[in-house]
Amino acid sequence: MDTQRKEYWMSTEMEEKPRKPRRKPRTFTPEFKAEAVRLVVEEGKTASQVARDLDLTHSCLCGWIRQSKTDAGKGPPGALTTAERERLRQLEKENRVLRMERDILSKATAFFAKGNA
């Protein structure tokens, strides 16, 4: 490889492409999600077209469609429904709190046991 080609190759490797600014996370109402899914499932529009029309990402809309099918009992085996996901989230939060309380109590027990000895 001659010197000029090598310098060009190295300079293009080092250059970074400008990135689009990240979009702020948005929240959507359950009604909005249901309507977007309905447009795809019932009206036969493509997910790409609906996503473009509603200013959504394709992957976001596809996730809503997949979750809608799971909620209707047509999802893959073992997939959690929305209600099951919410219950799991609550149980994980409760588990986190209980572990924290247990750790505090065990440290307090060790502290007071050391003071009495």
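Look up a bit, the structure's there.
Residues numbered from 1 in each chain as written. Predicted model: local features only at pLDDT ≥ 70, side-chain atom pairs only at ≥ 80, totals over all residues. Heavy atoms only, no water.

**Q** Would you explain the packing of aromatic side chains in this entry?
**A** Ring pairs (aromatic) are described by centroid distance and by the angle formed between their planes. Throughout the structure, instances matching the rule amount to four aromatic pairs. Ring centres 6.2 Å apart and planes at 90° place the aromatic pair Phe32 and Trp64 in the edge-to-face group. On the criterion of sequence distance, the pair formed by Phe32 in helix α2 (residues 30-41) and Trp64 in helix α4 (residues 58-71) is long-range, its members being 32 residues apart. A relative accessible area of 28% means that Phe32 is categorised as partly exposed. Relative accessible area serves as the criterion here: at 13%, Trp64 is assigned to the buried category. Between Phe111 and Phe112, the aromatic rings sit 5.3 Å apart at their centres with planes inclined by 75°, giving edge-to-face as the arrangement. In this structure Phe112 comes out as exposed when scored by relative accessible area, which is 53%. (Phe/Tyr/Trp six-rings, centres within 6.5 Å; stacked < 30°, edge-to-face > 60°. Helix = DSSP H or I, 4+ residues; strand = E, 2+ residues; numbered from the N terminus. Buried < 20%, exposed > 50% of the residue type's maximum accessible area, 1.4 Å probe, protein only.)

So, to be careful, I would describe these as geometric facts and stop short of saying anything about function.
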